[in-house]
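Survey of secondary and tertiary structure
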2 protein chains.
Amino acid sequence: MGLRDRKKQQTRSALTDAALRLADERGLDHVTVEEISAAADVSPRTFFNYFATKDDAILGDPVITAETVCERLLAVPREVPIIDAVLGVFTPAIEQIQADRELWLLRMRVIKNNPALLPILFARGAADEQLFVAAVAARGGLSAEDTFPQLAAVVTGAAFRVAMMRWSAAGPDHRLADFVCEAFGLLAAGLAHPVPTHQEVV
Amino acid sequence: MGLRDRKKQQTRSALTDAALRLADERGLDHVTVEEISAAADVSPRTFFNYFATKDDAILGDPVITAETVCERLLAVPREVPIIDAVLGVFTPAIEQIQADRELWLLRMRVIKNNPALLPILFARGAADEQLFVAAVAARGGLSAEDTFPQLAAVVTGAAFRVAMMRWSAAGPDHRLADFVCEAFGLLAAGLAHPVPTHQEVV
DNA sequence: ATAAAAGTTTGCAGTGCCTGCAAGTTTGGC
DNA sequence: GCCAAACTTGCAGGCACTGCAAACTTTTAT
């Protein structure tokens with residue numbers, strides 16, 4: 001990678017870093033693009049060369065592209081239940097997030113304090129979601145217009161989001177993977193009422 | 001209701017109607033608040049006395065308040081599985097939407113064409129979502145910090161959203177209730193792979 | 001009926017996000 | 001070193017949205 005691209009990468013993360021730090025300190029609404037740009041030593045106009053919106057700077061680059069998700073999902077044999085398949089597909093991303101723990105905890109804190117950001121946490125756009133739906137459909141030999149793939153895609157996404165929130169709220173010794181497994185497990189159980197201690201399922 | 005409130009109601013729906021119509025014609029991005037206000041015969045400043053954001057005018061009033069949801073949910077006996085409980089709680093809202101079919105189909109078309117609106121379709125705000133989580137928790141004798149209520153609330157919301165999308169995409173003879181039931185049924189089945197015709201579950 | 005009170009609409013001025021355009025400046029290949 | 005491509009920047013401008021204070025309208029009390 002040449003000097004050029006290295007510099008771009010630097011500017012990019014300088015911008016997210018500044019955005020995250022400032023938003024964490026004062027709340028996203030009390031930080032202007034002008035301030036973020038100043039903190040990253042670029043002009044406000046340049047900010048928008050890197051990110052389409054102020055929010056995007058907070059969210060940074062996606063950990064995993066929709067294309068990768070689709071590709072991997074299609075590689076999972078059809079016998080594997082969709083929940084396990086999705087879990088497998090996301091595992092590398094989960095580990096990636098776990099590795100960048102500090103960054104992500106900060107990011108999640110900012111998201112939690114600025115709920116406007118929340119929807120974008122998973123399924124960053126309708127386009128990505130549609131790709132995901134299509135992949136689930138293809139893997140199951142179904143149409144993207146069928147209920148199952150649409151539901152599976154959206155619901156696993158929602159479950160993942162819940163896992164992220166819980167992980168970020170938990171203590172430092174927890175692994176994101178555990179939260180995701182727990183959530184997906186409950187999903188696979190059909191959201192059956194969890195058994196309080198010493199109680200049998202009816 | 002006095003003249004005053006009647007007029008307010010009139011203005012309010014004139015604004016949503018104008019917003020929906022114009023957004024449907026040209027796309028939300030190509031409609032300004034000024035235009036919506038002009039179509040509804042009020043000043044742009046007045047628009048913002050009625051709706052906090054342009055999006056809100058599209059979305060109109062919530063069909064069911066978070067408070068009602070919580071109230072009803074707490075009334076459902078604990079033995080009823082959460083999915084059935086939620087289904088029961090939403091039924092009146094579902095019928096309400098079905099009754100205002102024309103309005104909602106238009107609204108859904110606008111939402112589909114302007115995916116930025118999509119997240120707000122269910123769980124209009126983080127606050128509402130939290131109330132919902134709390135209600136699910138209370139009904140199940142769990143804490144709002146537990147995984148189960150958080151997951152159940154978010155996931156059923158997502159499923160409802162999918163049902164709405166499917167209903168709006170389907171022909172005129174379909175009932176929203178059927179789509180919701182189908183989605184909730186798949187959820188209850190743990191997102192098991194649906195059986196294609198003439199095939200046995202492994 | 002009339003005047004005061006309470007609630008609504010409106011214009012105005014201002015902030016901040018975001019965009020297109022037309023320079024300037026930096027970088028990589030020759 | 002020199003050219004072309006890529007990147008940065010300033011400027012002008014559109015639009016969402018807000019607070020404030022001045023009309024205006026409905027309601028209430030007399």
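Residues numbered from 1 in each chain as written. Chains lettered and ligands numbered in written order. Predicted model: local features only at pLDDT ≥ 70, side-chain atom pairs only at ≥ 80, totals over all residues. Heavy atoms only, no water.

What follows covers the relation of the copies chain B and chain A. Least-squares fitting of chain B to chain A yields an RMSD of 0.1 Å, with the transformation described by 0.0 Å of translation along the axis and a rotation of 180°. The symmetry that links the two subunits is that of a two-fold axis. Identified as the residue of chain B closest to the rotation axis by C-alpha distance is G190 of chain B, at 1.9 Å. (Least-squares fit on C-alpha atoms with pLDDT ≥ 70 in both.)

Let us now look at the protein's contact with DNA strand C. Near DNA strand C you find 20 residues, and of these K7, R45 and K54 of chain A together with S43 and T46 of chain B are the closest. Considering the 4 Å shell around the protein, atoms of DNA strand C inside it are sugar or phosphate in 63% of instances. Separating a base oxygen of DNA strand C from a side-chain N or O atom of R45 of chain A is a distance of 2.5 Å. In the environment of DNA strand C, a phosphate oxygen lies 2.6 Å from a nitrogen or oxygen atom belonging to the side chain of T46 of chain B. Among the elements of the structure, α1 (3–26) and α3 (44–50) of chain A together with α1 (3–26) and α3 (44–50) of chain B are those that each provide at least two residues to the surface near DNA strand C. Of the residues forming the surface near DNA strand C, the biggest block, 4 residues, is contributed by α3 of chain B. (Near = heavy atom within 4 Å. Polar contact = N/O pair within 3.5 Å; in protein donor to acceptor, adjacent residues only side chain to side chain. Helix = DSSP H or I, 4+ residues; strand = E, 2+ residues; numbered from the N terminus.)

What follows deals with the pattern of salt bridges. All names here are of chain B. Scanning all chains against the criterion turns up 14 salt bridges over all chains. R21 is the partner of E25 in a salt bridge, and the nearest nitrogen-oxygen pair spans 3.4 Å. With E25 and R21 both in helix α1, this residue pair falls 4 residues apart, about one helical turn. Here D178 and R175 are joined by a salt bridge, their closest N and O atoms 3.7 Å apart. Note on D178: relative accessible area 42%, which makes it partly exposed. (Salt bridge = Lys/Arg side-chain N within 4 Å of Asp/Glu carboxyl O. Buried < 20%, exposed > 50% of the residue type's maximum accessible area, 1.4 Å probe, protein only.)

Residues and elements named next belong to chain A. Annotation of chain A at the domain level lists domain 1 (3–58) and domain 2 (66–188). The centre of domain 1, based on its C-alpha atoms, is set 26 Å off from the matching centre of domain 2. Taken together, the contacts link 9 residues of domain 1 with 9 residues of domain 2. When domain 1 packs against domain 2, the two sides together hide about 800 Å² of surface, and 61% of this comes from carbon and sulfur. (Domains from an automatic or database assignment. Contact = heavy atoms within 4.5 Å. Buried area = accessible area lost by both parts, 1.4 Å probe.)

Turning our attention to the UniProt feature "domain: HTH tetR-type" (unreviewed entry) in chain A. Within this structure's numbering, the places UniProt gives as "domain: HTH tetR-type" (unreviewed entry) are residues 9–69 of chain A. In residues 9–69 of chain A, the share of helix is 70% and the share of strand is 0%. The end C-alpha atoms are 24 Å apart. (UniProt positions renumbered as here; feature names shortened; annotations may be inferred.)

This part takes up unusual backbone geometry. Among all residues save glycine, negative phi is the norm, and among peptide bonds the norm is trans. The residue L191 of chain A is not glycine, and still its phi comes out positive at about 55°. Along the chain, L191 of chain A turns up in the segment after α10 (176–188). In this structure, D41 of chain B takes a positive phi of about 65° despite not being glycine. D41 of chain B gets classed as exposed once you look at its relative accessible area, which sits at 72%.

Time to look at the UniProt feature "DNA-binding region" (unreviewed entry) in chain A. The sites that UniProt annotates as "DNA-binding region" (unreviewed entry) are residues 32–51 of chain A. Annotated as 75% helix and 0% strand, the span residues 32–51 of chain A places its first and last C-alpha atoms 14 Å apart.

Taken together, 20 residues are adjacent to DNA strand D, and T46, N49 and Y50 of chain A together with R45 and K54 of chain B come closest. Taking S43 of chain A, its main chain carries an N or O atom lying 2.9 Å from a phosphate oxygen of DNA strand D. Interatomic distance of 3.1 Å between a side-chain N/O atom of K7 of chain B and a phosphate oxygen of DNA strand D. Of all elements in the fold, only α1 and α3 of chain A together with α1 and α3 of chain B reach the threshold of two or more residues within the surface near DNA strand D. The leading source of residues in the surface near DNA strand D is α3 of chain A, at 4 residues. Here the surface near DNA strand D is built from residues that sort into 7 nonpolar, 6 polar and 7 charged. (Nonpolar A, V, L, I, M, F, W, Y, C, P; charged D, E, K, R; others polar.)

Of the residues lining the interface, 33 residues belong to chain B; the matching set on chain A comes to 34 residues. Summed over both sides, the interface between chain B and chain A buries roughly 2900 Å², with carbon and sulfur atoms accounting for 73% of that surface. Inspection of the region where chain B meets chain A yields 2 salt bridges. The shortest N-O distance in the salt bridge between E129 of chain A and R161 of chain B comes to 2.8 Å. Every element with two or more residues in the side of chain B that touches chain A is listed here: α6 (82–99), α8 (126–140), α9 (147–169) and α10 (176–188) of chain B. Here the side of chain B that touches chain A takes 12 residues from α9 of chain B, the largest share from any one element.

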